[in-house]
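# A structural walkthrough
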Amino acid sequence: MGTGCYHCGLDMPPDAHWSVRIDGVDRAMCCPGCAAAAQTIVEMGLEDYYRNRSAFSAKVDGAGALPPELLLYDLPQAQEQFELDGEHAEATLTLEGIRCAACVWLIERRLTRVPGVQAVNLNASTERLYVRWSKALCKPSDILQAVRDIGYRAYPYDAARHDAQLRRAGKTLFRQLFVAGLSMMQVMMYAIPAYLADDGTLDTDMAGLMRWASLLLTIPAVCYSALPFFRGAYANLRQRVLGMDVPVALGITAAFGASVVAVWRGSGEVYFDSVTMFIFLLLCSRYLELIARRKAAGALEKLQHALPASAARLTAYPAQREVTVVAAAELRAGDYILVKPGEAIPADGEIVSGETSVDMSLLTGESAALRKRKGDYLPGGAINIAQAVVLRVSKVAADSTLAALLKLIERAGNGKPRIAMWADSVASWFVAALLLFAVAVFAFWQWHDAARAWPIAIAVLVVSCPCALSLATPTALAAATDRLVRQGVLIVQPHVLEVLHRTTHIVFDKTGTLTIGKPALHKVITFDEMEGPACLQFAAALETNSAHPLAQAIVAAANSTLVGAVIADEVVSRAGQGLEGLVDGIPYRLGNAAYVAELTGRPLNDRVPAGMTPVYLGCSGTWLARFDLSDAIRSDAQQVVRHFQKLGKNVILLSGDQQDVAQYVGGKLGINEVHGACLPEQKLAFVQALQQQGAIVAMVGDGINDAAVLRAADVSFAMGSGAELAQTHADTVLLSPRLSAIADTAELAARTMRIIRQNLAWASVYNLIAIPAAAMGWINPWMSGIGMSVSSALVVLNALRLRRVQRLKLRTGPTHSPHPLRA
Amino acid sequence: MEALYLLIPLSTGLVFFAIWLFFKASDSGQFEDLQGPAERILQDDDNTAD
């Protein structure tokens, strides 16, 4: 298995000297953690693990001592939550580090040898470990420690009540489905002889017996499996609305009632087969829908569990590095916390020491790890993946980015889009009409051919499919919302998907939207024989300690392109002008033209291109260089603009910045209609004027400054960052810095609407054909049961296709880097 | 054909028995993890130090 560490498979650090004898061979280990875990596994006689595994183990760091926060579970009051009866306790633990089946085997083996542990069961698909132990013989920490010794991490699982509830609901539905399926199969067995037998070949006694047996077997299906429909119908009627459960419940009751009467009397048709099959197939589509909904909730649920419960507070930092474990909720702004690799960041904060990479995929949908160094801001919920860092907490947990996000999500959960409400009300009218129609059909056949009245009325009730009508929209919207959250797009208002694909005008704000909102070095122009890179080096040396955004842009550009450093001494700055310092004893000035001219002693005849902020460098008697800085355009802005233009939408740039700056950015991106120097009121007026001309306007802004215009637009997007996003007034928040997410959303919106339309069209066509056919008596009850269930399932499956929509192929290279330096 | 008079009630009883069995299995968590046991069976426990 490769040449790296035998346990975790990672590359060996040069100074690694750890090894463990496994199966008679010395195996190299990359770190003491892996070595300790491997040693434990060998000592327990569990070497088989290495023979059977199909993937490397997770890297073990800091094995050995249990982290102190987990020792808290040994306290008597904490142990109470695990209590089962007087002697035993049980717990469900969340496990990290499971890679393959061998891990499951290893963990279960290891735990059964902990004295006092009575039952262990590891669920490989949910990564939950169930343990039951005798309280007298072992403590919770013994179990957690045992798992840790072999290189996995276990935490008591906070059994969210919501989750348990969902699972119970799923389990009940599964049972109902199973019972319905079983009774359907058996009832069919009894029904088939009656269908196949020629007249007179089946004796009456036998037929009667089979009818009684069918009746008996249908009872569990009707009394247990069909409960959701009866409950739903009852709830509907109590609220005085006609939902889709009403005809279903009526159909079941009518068919079952008629059959029971027929069996009792010994004459007449029985529909037990139709009843059971109808219940079974309908439950199938319900089950499908439940799974779809649960998957959709998955992405959001992950967010809710992103913040860890505890944090390591450095109480006396920087004097001492002693750590106390506290609940994350106790953290206050200004606290220092230590975040180790692999841990989630417990609160928003700024790095004060160390450098690392973080994974923010949960928060932004961006899967690539981001490098963060001293001074950078980390949101709570991001995962530290490289080095331990010290953070200064900047906000209490309740005000954190993640909390703001969750608030938004809650807001997003309320409210239904118009099309869904429309479908609901149509379904309700449809049911009312259907019931009347069924009565009319029954009356007609009663008069025409009384024997067929019941089966035909039942067929009409059963075949009609308001289910498909009611399921068509919500399932599609849930699938689409889930897809978008996973891509870092949060839909706050329900109408977004519906309106977005109808938009005619897309209006972009400039600063912070099409551009990243921070200046970046665009070009270096030299005036003397000194070359561009050297000038840049000098400038960076002067600016190293400056906090000015222009200075930081120059330093960043120098860092990314140059090696070796020039050192400037005695740097003094003059506010709003620039700064002066000595390099190799010679004074240099960096700043605006007037300030530098004082040192060079002669004016400079120079024209600065539009949209650029110039910074000059000069020394005594000589002008050296001009640095053109501009707000960098997002790398994917151009593709997004093109994408919308190709779709035939009018793309407009509306900016508060000067006209020539806006014009410059617009020209770069190929936007023809550019309006600069717009005050917020003017932006609002502009959008409203467009709307009066019948345009449907989508507005993309940064969420805070554009609040009014975002609210006025038909559909709005905000580039979300930090805790401000809780105050945003946009309908949609882009959590990642990718502008192309808007194009993704538009594409998905179009697909969603297409799928909803397909679903509604299918439901309509089906009903238009099936109901008259049933009324004419061409369809018997069992056929109508199949028809209606298949059509519901079709609708749900069609909606689920949305989950698999790929990202647009818009992205090239890094997501938000400024344009490359052209020196 | 007379056998059917016995077999039909028998089959009915069998279905109820199956339902009872299924509920029992469902209560004991049989259907919670449909992936783990399939992989666990691949493990050979014979050569451990048990």
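This is a predicted model, so every value here is computed, not measured.

The next thing to look at is the packing of helix 8 (residues 204–225) of chain A against helix 9 (residues 227–238) of chain A. Residue and element names in this part refer to chain A. Two elements in contact, helix 8 and helix 9, have axes separated by 5 Å at closest approach and are oriented at 40°. Judged on the interaxial angle alone, helix 9 and helix 8 are oblique. Contact with helix 8, carried on its side by V222, C223, Y224 and S225, involves L227, P228, F229 and F230 of helix 9 and no other residues of that element. Across the contact of helix 8 with helix 9, the residue classes tally to seven nonpolar, one polar and no charged.

Our next topic: the confidence of the model for chain B. Scored by pLDDT, chain B has a mean of 78; 84% of the residues are at 70 or more. As scored by the predictor, the complex reaches a pTM of 0.60 and an ipTM of 0.78.

Moving on to the sheet that holds strand 18 (residues 515–526) of chain A. Residue and element names in this part refer to chain A. With antiparallel pairing, the six strands of this open sheet are ordered in space as 18-23-22-21-20-19. In the strand order of this sheet, the two ends are held by strand 18 and strand 19 (568–574), each with one partner. Ignoring strand direction, the axes of neighbouring strands in this sheet form an average angle of 20°.

Residue-level contacts link 29 residues of chain B with 35 residues of chain A. Between chain B and chain A, the buried area comes to about 2900 Å², and carbon and sulfur atoms account for 60% of it. Counting the contacts that link chain B with chain A gives one salt bridge. D27 of chain B is the salt-bridge partner of R175 of chain A, the closest N and O atoms lying 2.3 Å from each other. Inspection of the chain B/chain A interface yields seven residue pairs in polar contact (both at pLDDT 80 or more). A per-element tally of the side of chain B that touches chain A places helix 1 (residues 3–27) of chain B first, with 14 residues.

Cut-offs used in this document
- Residues numbered from 1 in each chain as written.
- Chains lettered and ligands numbered in written order.
- Predicted model: local features only at pLDDT ≥ 70, side-chain atom pairs only at ≥ 80, totals over all residues.
- Heavy atoms only, no water.
- Axes fitted to C-alpha atoms, helices over the stretch in contact; angles between N-to-C directions.
- Helix = DSSP H or I, 4+ residues; strand = E, 2+ residues; numbered from the N terminus.
- Parallel < 35°, antiparallel > 145°, perpendicular 65-115°, else oblique.
- Contact = heavy atoms within 4.5 Å.
- Nonpolar A, V, L, I, M, F, W, Y, C, P; charged D, E, K, R; others polar.
- pLDDT = per-residue confidence, 0-100.
- Pairing = 2+ DSSP bridges.
- Buried area = accessible area lost by both parts, 1.4 Å probe.
- Salt bridge = Lys/Arg side-chain N within 4 Å of Asp/Glu carboxyl O.
- Polar contact = N/O pair within 3.5 Å; in protein donor to acceptor, adjacent residues only side chain to side chain.

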